[in-house]
Amino acid sequence: MKMRQGKIINQGLEDEMEVWGYQLCLWKIVLVGVGAVCSGGLLLLLLYWLPEWGVKGTCTPTSLREAHTLLLRTTDEFRQWFRARLHVISAPGKTPFENVDPQLVAQLPNRDGSIQERGRKSGERQPVQILYFNHHSTKYYWNDEIQNFEFYKGLEDVKVSCASIHSDHSSGLARTLQAYRALFFGENEIAVRVPSLFKLLIKEVLNPFYIFQFFSVILWCAEDYYYYASAIVFMSIISIATSLYTIKKQYVMLRDMVAAHSVLRVSVCRGNQEMEQAMSTELVPGDLIAIPANGMVMPCDAVLVQGTCIVNESMLTGESVPVTKTSLPSAGEEGAQSYDKEEHKRHTLFCGTLVIQTRFYSGELVKAVVVRTGFSTEKGQLVRSILHPKPTDFKLYRDAYLFLLCLVGVAAIGFIYTIVLSIMSKVGEKERGKRCLLKPSLFESLDIITITVPPALPAAMTVGIVYAQRRLKRVGIFCISPQRINMCGQLNLVCFDKTGTLTEDGLDLWGVHRAASGSFSPPEFDVTGENLVNSTFVACMASCHSLTKIEGELSGDPLDLKMFNAYRLGPRGAHRGGDLPS
């Protein structure tokens, strides 16, 4: 039966998917339950390995608006299937950027989604029921106008112009509006959920290789091959335990690395021009925050509307040279343009980057408007690509599957041939003799399958991958997708687009090339030498900089810091240990 046409979500994006709606069907569920009992659970395994069969086998097609379960399929060459469960939230409006009536404050849901009843009067506007589902750390909400699901990135969704960001968000969001938007965007955090050992165990054990191994062990025990079966079981337990420990540890390390500096206190303007302290997890798109003079690690993506910042973006770009961010234009042709994160990159502070120093004028605070939060930020998208990597289509994998398929084919031919030969050799014997001799013949036929496809293959592959992970860990390389290691073993050349990806975050002063008579002199590595200390070159290095003292500590461009420190820390430097020269 041909599958009906599904709706397209994320159209034109890298994670474009087709989506179909399904409702649970009682008679199909009963039929699958009976089949699972009759097959000894093999049917449930098949439905686990093939999500599309699991949905179609227990549900009937329906519209997306009336659906209980969604079936998703990527539109790329891999055609991956996923299933998602629909949920409902109650909200005063349908989209996060609607203007909420202040009278609806009493109807705003709590953190658990329940509505606070505060003497609702008759005729008062009722909360709207909105469908949504989660997929790969992203929430998709139902939109009645387009009759499809969509996800909200941030302020860019409303095509706001640069000038309107200045005019409409210069005083910050009211507390009511902030609470309303938090319903849709959730907490501003990039939460890496570490799976429990039980979930990791189920995912590992339900691998087809281990299921085949379990079948082989039962067969060997029935034939009294207890020692060999025990050895395979012992190897499998050790390999599974080692694999689970390694994967769990990698998840924990990734969570700790992402969580570092991700939750902090920030100064937020709540619509009354007065700044108040709040946790960064409470930020939503449209909030106005103040950047402290001594800098901070950005907890969100925000666009500068007042002041200038020097930012170290090495966490995202790998480049060790800081960049200067200026405020967003508010007038002219540039002010009339719609804000775009890529086009206005020089005005945007990205999540996870380090603001080294701020510059402001006339005593005004350096302010920025939040445009994206959580997994929608640059850092969030990077973490999401690590947690949910795309499958790889390498010739190595295709050949490996083809080889296993050939082995299965050879085993099937041998199995059928042995069964037929055994039956033909027993023709003419007594009925009792047939029953006695067919049992060992069946076991011998099944032995051919276990011999042709090695049952110890998954254990051997797991041990090899775990050993490779430990070698990588010694040099600071972490991997939560172990199958990628086999793929990397086939690479002969790795190309990088910039040197910052391979080097350290910071730079060190290597030496000095002074210019004289139109050419460069030989390099001088000791900047504290007698011939350099009193030179105009060192005087320029010590005075021409953008450094300032904040709370007794030097702050500013790391390049300026390296040059100034190399100069003033010299044993005979004129300004050694002194104040900043101007």
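Everything numeric in this text was worked out from a predicted model, so none of it was measured.

S.K.: I'm lost on the overall build of the chain in this one. Help?
M.R.: Looking only at helices and strands, one finds 18 helices and 23 strands in the chain. Burial status across the chain gives 40% buried among its 582 residues. When contacts within the chain are restricted to residue pairs at least 6 apart in sequence, long-range pairs at least 24 apart make up 68% of them.

S.K.: Hey, could you run me through the side chain of Lys341 in this one?
M.R.: Mapped onto the fold, Lys341 is located in the loop between helix H10 (332-336) and strand E17 (348-349). Once residues lying within four places of it in the same chain are set aside, the contact partners of Lys341 are Glu156, Asp301, Thr348, Phe350, Arg372, Glu378 and Gln381.

S.K.: Would you mind going over helix H7 (residues 208-222) with me for this structure?
M.R.: Helical geometry note: an α-helix holds 3.6 residues per turn, so side chains three or four residues apart project in the same direction. Look at H7: 21 Å from first C-alpha to last across 15 residues, which is about the 21 Å you get at 1.5 Å a residue. Just downstream of H7 lies Asp224, where phi reads positive at about 70°.

S.K.: Sorry, what's going on with the UniProt feature "transmembrane region" (unreviewed entry) in the chain here?
M.R.: Annotation from UniProt places "transmembrane region" (unreviewed entry) at residues 26-50, 226-247, 400-424 and 448-468. The distance from the first to the last C-alpha atom of residues 26-50 is 20 Å, and the span holds 84% helix and 0% strand. The span residues 226-247 carries 100% helix and 0% strand; its end-to-end C-alpha distance comes to 31 Å.

S.K.: Would you mind showing me how to read the packing of aromatic side chains here?
M.R.: Ring pairs (aromatic) are described by centroid distance and by the angle formed between their planes. One pass over the full model with this rule turns up 13 aromatic pairs. Ring geometry for Phe212 and Phe215: centres 6.3 Å apart, planes at 40°, overall tilted. Of this pair, Phe212 and Phe215 both sit in helix H7, separated by 3 residues, roughly a single helical turn. Residue Phe215 is classed as partly exposed on the basis of its relative accessible area of 34%. Joined through ring pairs, the aromatic side chains of Tyr132, Tyr141, Tyr152, Tyr180 and Phe184 make up one cluster.

S.K.: I would appreciate a short explanation of the sheet that holds strand E12 (residues 288-291) in the present structure.
M.R.: Each strand in a sheet pairs with its neighbour through backbone hydrogen bonds, running either in the same direction (parallel) or in the opposite one (antiparallel). Judged by pairing direction, the sheet is antiparallel, and its 6 strands sit side by side in the order E11-E10-E12-E19-E14-E17 without closing on themselves. The outermost strands of the open sheet, each flanked by one partner alone, are strand E11 (275-279) and E17. Of the strand pairs in this sheet, strand E14 (residues 301-306) and E17 are connected by 2 bridges, and their pairing is antiparallel. Paired with Ala302 across the strands is Leu349, a residue of E17.

S.K.: I would appreciate a short explanation of helix H3 (residues 51-58) in the present structure.
M.R.: Buried residues of H3: Glu52, Gly54, Val55 and Thr58, and no others. Around the axis of H3, the buried residues are gathered within 160° of arc, so they sit on the same side. Packing partners of the buried residues in H3 comprise strand E2 (17-24), helix H1 (26-38), helix H2 (42-49), strand E3 (59-62), strand E4 (69-74) and strand E5 (81-85).

S.K.: Looking at this structure, I do not really get the sheet that holds strand E9 (residues 148-150). What am I missing?
M.R.: Taken together, the 4 strands give an open sheet; going across it, the order is E6-E7-E8-E9, and neighbouring strands pair in antiparallel fashion. Edge positions in the open sheet fall to strand E6 (87-91) and E9, since each of these has one partner strand only. Adjacent strand axes in the sheet meet at a mean angle of 40°, parallel and antiparallel pairs treated alike. In the sheet, strand E8 (residues 138-143) pairs with E9 via 3 bridges, with the strands oriented antiparallel. What sits directly across from Asn143, in E9, is Asn148. Across the sheet, helix H5 (residues 175-185) touches E6, strand E7 (128-135) and E8, and the angle it forms with E6 is around 170°.

S.K.: What exactly am I supposed to notice about the pairing of E2 here?
M.R.: Here is the key point about a regular strand: its side chains alternate between the two faces of the sheet. Extensive coverage of E2 is indicated by the burial of 6 of its 8 residues. One ladder, built from 3 bridges, connects strand E1 (residues 7-9) with E2; its direction is antiparallel. Within the sheet, the bridge partner assigned to Lys7 lies in E2 and is Val19. As paired elements, E2 and E4 share 6 bridges and run antiparallel to each other.

Basis of the calculations
Counting from 1, residues in each chain are numbered in the order their sequence is written. Given that this is a predicted model, residues contribute local features only at a pLDDT of at least 70 and side-chain atom pairs are listed and counted only at 80 or more, while totals for whole chains, interfaces and linings are drawn from all residues. Think of the side-chain values as coming from all heavy atoms in the structure, minus any hydrogens and water. Strands are runs of DSSP state E lasting at least 2 residues, helices are runs of H or I lasting at least 4, and numbering of each runs from the N terminus. Each residue is assigned to one of three classes by its accessible area relative to the maximum for its type, calculated with a 1.4 Å probe on protein chains only: buried under 20%, partly exposed between the two thresholds, exposed over 50%. Any pair of residues with heavy atoms lying within 4.5 Å of one another is described as a contacting pair. Under the convention used throughout, the expected extent of a helix is 1.5 Å for every residue step, that is, one less than its residue count. UniProt positions are given in the numbering used here, feature names are shortened, and annotations may be inferred rather than shown by experiment. To pair, rings of Phe, Tyr and Trp, with the six-membered ring standing in for Trp, must have centres within 6.5 Å; the planes then decide the type, stacked if under 30 degrees apart, edge-to-face if over 60, and tilted in the middle. Only strands joined by at least two bridges in the DSSP assignment are considered to pair. An arc is given here, and it is the one of the directions from the helix axis to the C-beta atoms. Orientation is described by lines fitted to C-alpha atoms, with helices fitted over the stretch in contact, and by angles between N-to-C directions that extend from 0 to 180 degrees.

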